[in-house]
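Now for the letters of each chain:
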Amino acid sequence: MYNNGKMRFGLCCIFRKEPIHFRQITAKTLQKLPRSEQLLRLSDICLQNVKSLYKSLQFVSEKGIGAFRVLSPLFPRYTHPDVGYQLTDLPEKAEIRYFFEKIRKIRDLHDLRLSFHPDQFNVLSSPRKEVILNTIRELEYQAMLAEEVGAEIINLHAGGTYGHKKNALKRLEKNIKDLPISIRSRLTLENDDVSWTPADLLPFCESYYIPMVYDVHHHRCLPDGLSETEVTRKVVKLCEKLGKEPLFHISSPKNGWHNGSPKPHADYIDPADFPECWKGLTATVEVEAKSKELAVLKLMKDLGS
DNA sequence: GCATGTCAAGTTGTG
DNA sequence: CACAACTTGACATGC
C-alpha cells in the first residue's frame with residue numbers, strides 16, 4: 001500500500017541561511033519587569049514568532065519541503081511557574097490569532113505535515129509526581145499550539161529507565177492513559193540513543209496504539225538486534241493500522257562513525273546514511289542536520305526527489 | 001560592535 | 001562528584 005508512494009522531507013524548527021528568525025526571552029529578564037511590561041514584551045515576541053512561522057511555511061512550500069517541526073518555545077516561558085501566561089493575557093492576541101489562521105490556511109493549501117518535539121525534560125515515565133505534572137502542563141501548551149496551527153504530531157521520548165525498564169513502562173502506560181485527548185491523539189514515541197530502542201518501544205506502541213517515530217541514527221548508536229528493515233516494516237505496519245503516515249528521523253554523525261562518539265549531528269546528511277529500505281515509501285523524514293534548510297534541500301537533490 | 005556566559009525544567013554517562 | 005550531552009541557539013551583559 002505504501003510502496004512507490006510520496007516521501008516528504010521535514011525541516012526542524014529553524015533556518016541556517018534564510019533570514020527567518022525566532023525570538024526568545026528568559027524568565028530572568030522577565031522577572032525584572034512589572035507584569036504589564038512582561039506581557040508587552042511577550043506579546044511582541046509571540047506575534048513576531050507566529051509571523052516567522054508563517055514565513056517558514058511559505059518557504060518550505062515554495063521549496064517542495066513537505067513537513068516542518070515547530071520549535072517548542074514559539075511562545076517563550078508560557079508554562080513558567082512565575083512568568084507564565086495565556087494567549088488571552090497578550091495585548092496583541094487578535095493579531096496573533098489572525099496569523100494562526102493564516103498558518104492553518106497555508107498548511108491546508110499545501111498539505112504540510114507539522115509536528116512538535118517537546119524538550120528532554122518532558123518525561124512521562126518518571127517516578128516523580130512533580131515531573132509528571134510539569135510535563136503535562138508543557139504538553140498541554142504544545143497541544144494548544146498544535147490545535148491552533150493544525151499540527152498532527154507531538155513526539156516524545158520515553159524518558160529514563162531508572163534501572164528498571166519494566167516499571168518505567170508501567171508508569172509510562174498509566175500516564176499516557178490519563179492524558180487529555182488533545183495530547184493523546186497526537187502523541188508519538190521515538191527511540192533514543194541512551195535507553196529505549198525500537199525493540200523496547202515497538203511492543204509497547206503496538207499494545208497502546210501509539211505510532212513509533214523511528215530515528216535510524218539513534219538506532220545505529222544504540223542497536224538492539226533488529227535490522228533497520230525489520231523496524232521500518234513494523235513501524236509502517238503499525239502506522240497503516242492507525243491510519244497515520246510513518247515518521248522517520250535521519251541524521252549523519254558529525255565526526256564519522258569511527259572517530260569518537262557518532263552521536264553529535266553533522267551539518268549535512270551523507271546520502272549513504274539514508275536507509276535503502278525507506279526508499280519508495282509514503283512517509284515523512286524529518287532531517288536533523290545543523291545546516292537546516294540547506295541540508296534538507298541537498299538531501300532531496302542527492303536522492304533525486 | 002563583539003565576545004562570552006547564561007538560560008526553568010530530566011536523565012544518563014563520562015571524566 | 002561535577003559536568004556535558006541531548007533538537008542547540010539566542011539573549012543579556014560587559015568590554
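Everything numeric here is computed off the predicted structure, so don't read it as measured data. (Residues numbered from 1 in each chain as written. Chains lettered and ligands numbered in written order. Predicted model: local features only at pLDDT ≥ 70, side-chain atom pairs only at ≥ 80, totals over all residues. Heavy atoms only, no water.)

Asks: Sorry if this is basic, but what is going on with the overall build of chain A here?
Replies: Secondary structure assignment for chain A yields ten helices and eight strands. Its C-alpha atoms give chain A a radius of gyration of 19 Å, near enough to 19 Å, the size a compact globule of 305 residues would have. Summarising its shape, the C-alpha atoms of chain A cover approximately 55 × 45 × 40 Å along the three principal directions. In chain A, which comprises 305 residues, the proportion classed as buried is 52%. On chain A, roughly 14,200 Å² of surface is accessible, and the fraction owed to carbon and sulfur atoms is 51%. Averaging the positions of the 45 positive and the 39 negative side-chain charges in chain A gives two centres separated by 2 Å. (Helix = DSSP H or I, 4+ residues; strand = E, 2+ residues; numbered from the N terminus. Rg over C-alpha atoms; globule rule 2.2 N^0.38 Å. Buried < 20%, exposed > 50% of the residue type's maximum accessible area, 1.4 Å probe, protein only. Areas by Shrake-Rupley, 256 points an atom, 1.4 Å probe, with all protein chains shown as cover. Lys, Arg positive; Asp, Glu negative; His and termini not counted. Charge placed at Lys NZ, Arg CZ, Asp CG, Glu CD.)

Asks: Would you mind going over the protein's contact with DNA strand C with me for this structure?
Replies: In the neighbourhood of DNA strand C, 15 residues make up the surrounding shell, with R23, Q24, T29, K32 and Q120 lying closest. Protein-adjacent atoms of DNA strand C, using a 4 Å cutoff, are sugar or phosphate at a proportion of 67%. With respect to DNA strand C, the side chain of K32 contributes an N or O atom lying 2.4 Å from a phosphate oxygen. The contact in question runs from a phosphate oxygen of DNA strand C to an N or O atom on the side chain of H218, over 3.3 Å. When the residues that make up the surface near DNA strand C are grouped by side-chain class, the tally is four nonpolar, five polar and six charged. (Near = heavy atom within 4 Å. Polar contact = N/O pair within 3.5 Å; in protein donor to acceptor, adjacent residues only side chain to side chain. Nonpolar A, V, L, I, M, F, W, Y, C, P; charged D, E, K, R; others polar.)

Asks: What is the right way to look at the packing of helix α3 (residues 93-110) against helix α4 (residues 129-149) in this model?
Replies: Any two packed helices are characterised by the angle at which their axes cross and by the distance between the axes. Contact geometry for α3 and α4: axes closest at 7 Å, N-to-C directions at 65 degrees. Contacts between α3 and α4 involve F100, I103, R104 and R107 on the former and, on the latter, L145, E147, E148 and V149. Residue classes in the contact of α3 with α4 are distributed as four nonpolar, no polar and four charged. (Axes fitted to C-alpha atoms, helices over the stretch in contact; angles between N-to-C directions. Contact = heavy atoms within 4.5 Å.)

Asks: Would you explain the protein's contact with DNA strand B in this entry?
Replies: Not every one of the 18 residues close to DNA strand B is listed here, only the nearest: A27, F121, S126, T161 and Y162. In the interface set of DNA strand B, defined as its atoms within 4 Å of the protein, sugar plus phosphate atoms amount to 45%. Taking T161, its main chain carries an N or O atom lying 2.7 Å from a phosphate oxygen of DNA strand B. Here a phosphate oxygen of DNA strand B and a side-chain polar atom of Y162 are 2.5 Å apart. Those elements that place two or more of their residues in the surface near DNA strand B are α1 (27-31) and α4. The residue inventory of the surface near DNA strand B, partitioned by class, reads six nonpolar, eight polar and four charged.

Asks: Can you walk me through the pattern of salt bridges in this structure?
Replies: Opposite charge on two side chains allows them to pair when their charged atoms are near. Inspection of every chain in the model, using the stated rule, returns 16 salt bridges. The residue R23 makes a salt bridge to D44 at a minimum N-O spacing of 3.3 Å. Taken together, the positions of R23 in the loop between β1 (7-12) and α1 and D44 in helix α2 (residues 35-63) put the pair 21 residues apart, joining distant regions of the chain. What makes D44 partly exposed here is its relative accessible area of 31%. For E173, the salt bridge goes to K177, with nearest N and O atoms at 2.9 Å. (Salt bridge = Lys/Arg side-chain N within 4 Å of Asp/Glu carboxyl O.)

Asks: What is the right way to read the packing of aromatic side chains from this model?
Replies: Aromatic ring pairs are described here by two measures, namely the spacing of the ring centres and the angle between the planes. Tallied over the entire structure, the rule returns 14 aromatic pairs. Geometrically, the ring pair formed by Y214 and F248 is edge-to-face, given 6.2 Å between the ring centres and 85 degrees between the ring planes. Of the two residues, Y214 sits in strand β6 (residues 212-215) while F248 sits in strand β7 (residues 247-250), which places them 34 residues apart along the sequence. With 5.5 Å between their ring centres and 90 degrees between their planes, F274 and W278 make a pair best called edge-to-face. An identical accessibility class is assigned to F274 and W278; each is buried. One aromatic cluster is present, built from ring pairs that chain together F9, Y214, F248, F274 and W278. Above the face of the W196 ring, K165 is positioned so that its terminal group lies 5.4 Å from the ring centre. (Phe/Tyr/Trp six-rings, centres within 6.5 Å; stacked < 30°, edge-to-face > 60°. Lys NZ or Arg CZ within 6 Å of the ring centre and 35° of its normal.)

Asks: Would you mind going over the environment of E230 with me for this structure?
Replies: Assignment of secondary structure puts E230 in helix α9 (residues 228-242). E230 gets classed as partly exposed once you look at its relative accessible area, which sits at 29%.

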